[in-house]
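Geometric and topological summary
Each chain is listed here by its residues.
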Amino acid sequence: MKKIGFLSFGHWSDHPTYLTRSGGDTLLQSIDLAVAAEEIGLDGAYFRVHHFARQLASPFPLLAAIGAKTNTIEIGTGVIDMRYENPLYMVEDAGAADLIAGGRLQLGISRGSPEQVIEGWRYFGYAPEAGETDADMGRRHAMEFLDKLKGNGFAEPNPYPMFPNPPGLLRLEPYSEGLRERIWWGAASNATAIWAAENGMNLQSSTLKFDESGKPFHIQQAEQIRLYKEAWKKSGHEREARVSVSRSIFALVNDQDRYYFGQQGKGDDSFGYIEADKRAVFGRSYAAEPDQLIKELAMDEAIQEADTLLLTIPNTLGVDYNIHVLSAILEHVAPALGWK
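In this report, we go over the structure that sits alongside the text. (Residues numbered from 1 in each chain as written. Predicted model: local features only at pLDDT ≥ 70, side-chain atom pairs only at ≥ 80, totals over all residues. Heavy atoms only, no water.)

1. Description of the packing of helix α1 (residues 23-39) against helix α2 (residues 60-69)
Interhelical geometry of α1 versus α2 gives an angle of 35 degrees and a closest axis separation of 9 Å. Once α1 is placed against α2, the crossing between them reads as right-handed. Here Leu27, Ser30, Ile31, Ala34 and Val35 of α1 lie close against α2, whose contacting residues are Leu62, Ala65, Ile66 and Lys69. (Axes fitted to C-alpha atoms, helices over the stretch in contact; angles between N-to-C directions. Helix = DSSP H or I, 4+ residues; strand = E, 2+ residues; numbered from the N terminus. Left-handed = near helix turned anticlockwise from the far one by under 90°. Contact = heavy atoms within 4.5 Å.)

Structure, rendered in structure tokens:
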């Protein structure tokens, strides 16, 4: 395990037990959490993107703010739903945020998952073309985004521009060199993991995937990662691929931890439907005393296959407690996983 980061869904609600009562609370605490996570030595700060929900949505203002207040931590998403995105405008936003962060963005994108409203992307002005599904549209948006991130000129310049143009076709600005190689695809199936490898994207695999064999979650996920790595090698990419997996992991080191999470680690994988025709397998949570946690995680095949582990966090419990949760993992568990 080379890197460990956190993944926040950015929940908020006017609930008496929440320390994130508003969108402003969540955004500002997300910045503070990333700064504090860098101070304790964590490698990454990642954020989920959900529309029409009391959770984090438009990621680039947040990523830019974190980039301006940190120096070394990777800053990313897991994932941006490309059905909702204007690929060209996203290239500009991503380029600007990456330049502010000094080249530390690690953007996870995907075709999207079931959302809060029916066909929410239509409200954003997007619709599948003839013969497309919404998933096809998301992948089409992703491919255009990847293409324009290369920085090649494509737009015919005005012969009478307001400002002088460089020669040739124009590209989108600001251009951030290297960002194209730091795009990740959130894959729920083996086929889309292979597709991601063929198109030169890193792989993000979450706490669920489509059930393709009936095997335990971590075994199915490990098989997905191996297929991805094989496809990456066959595609002949020069750089090394990266793979992240997400997990809910809590080291129980005090009574507060046991009160919050003492029962969460006793469950098993579960199976269900996130779409009407697609059965999914959901990975278990881990919560135990550090010694027991290390033993359990050592048997998680997917963690062993990945180079990056993203720890899902209970952001509603506030910055201080989440730093405690992350610090406990780094101190008591991460070294046994091979981290640093």
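So much for the structure itself; the text now carries on.
2. Comments concerning the pattern of salt bridges
A complete count under the given rule lists 26 salt bridges for this structure. One salt bridge in this structure joins Lys215 and Glu223, with 2.7 Å as the shortest N-O distance. According to the relative accessible area criterion, Glu223 is partly exposed, its value standing at 24%. Across the pair Arg226 and Glu301 runs a salt bridge whose closest N-O atoms are separated by 3.3 Å. With Arg226 in helix α6 (residues 217-235) and Glu301 in helix α9 (residues 301-305), this pair connects stretches of sequence that are 75 residues apart. Classification of Arg226 as partly exposed rests on a relative accessible area of 36%. (Salt bridge = Lys/Arg side-chain N within 4 Å of Asp/Glu carboxyl O. Buried < 20%, exposed > 50% of the residue type's maximum accessible area, 1.4 Å probe, protein only.)

3. Topic: the environment of Lys3
As for its placement among the helices and strands, Lys3 is situated in strand β1 (residues 3-8). Remark: the alpha-carbon pair of Lys3 and Gly338, spanning 335 residues in sequence, is separated by 9.6 Å. Sequence-distant contacts of Lys3, defined by excluding residues within four places in its chain, comprise Asp43, Glu74, Arg242, Asp307, Thr308, Leu309 and Trp339.

4. As for the sheet that holds strand β7 (residues 208-210)
Across the sheet, 3 strands lie side by side as β7-β11-β10; this open sheet has antiparallel pairing. Two strands bound the open sheet, and with one partner strand each, they are β7 and β10 (270-275). Neighbour to neighbour, the strand axes of the sheet diverge by 40 degrees on average, direction disregarded. One ladder, built from 5 bridges, connects β10 with strand β11 (residues 278-282); its direction is antiparallel. Bridging across to β11, Glu275 finds its partner in Lys278. α6 contacts β7 and β11 of the sheet and is inclined by roughly 70 degrees relative to β7. (Pairing = 2+ DSSP bridges.)

5. Looking at the nonpolar core
One finds Ile109 and Phe145 to be the most contacted residues of the largest nonpolar core, which totals 75 residues. With 6 residues, the single largest contributor to this core is helix α10 (residues 319-332). Excluding its chain neighbours within four sequence positions, the residues that come into contact with Ile109 are Val79, Ile80, Met82, Met90, Ala142, Phe145, Ile183, Trp184, Trp185, Gly186 and Met201. (Core = buried A, V, L, I, M, F, W, Y, C linked by side-chain atoms within 4.5 Å.)

6. Some remarks on the side chain of His51
Here His51 is to be found in the loop between β2 (44-47) and α2. Note on His51: relative accessible area 7%, which makes it buried. When neighbours within four sequence positions are excluded, His51 is seen to be in contact with Ala57, Tyr84, Glu115, Gln116 and Phe124.

7. Let's talk about the environment of His237
Tracing the backbone through its elements, the reader meets His237 in the loop between α6 and β8 (243-247). Sequence-wise, His237 and Gly200 are 37 residues apart; in three dimensions their C-alpha atoms are separated by 7.0 Å. Residues contacting His237, with those up to four places away along its chain left out, are Ala197, Glu198, Gly200 and Trp232. Engagement of the side chain of His237 in a polar contact is seen with the backbone oxygen of Ala197, the distance being 2.7 Å. (Polar contact = N/O pair within 3.5 Å; in protein donor to acceptor, adjacent residues only side chain to side chain.)

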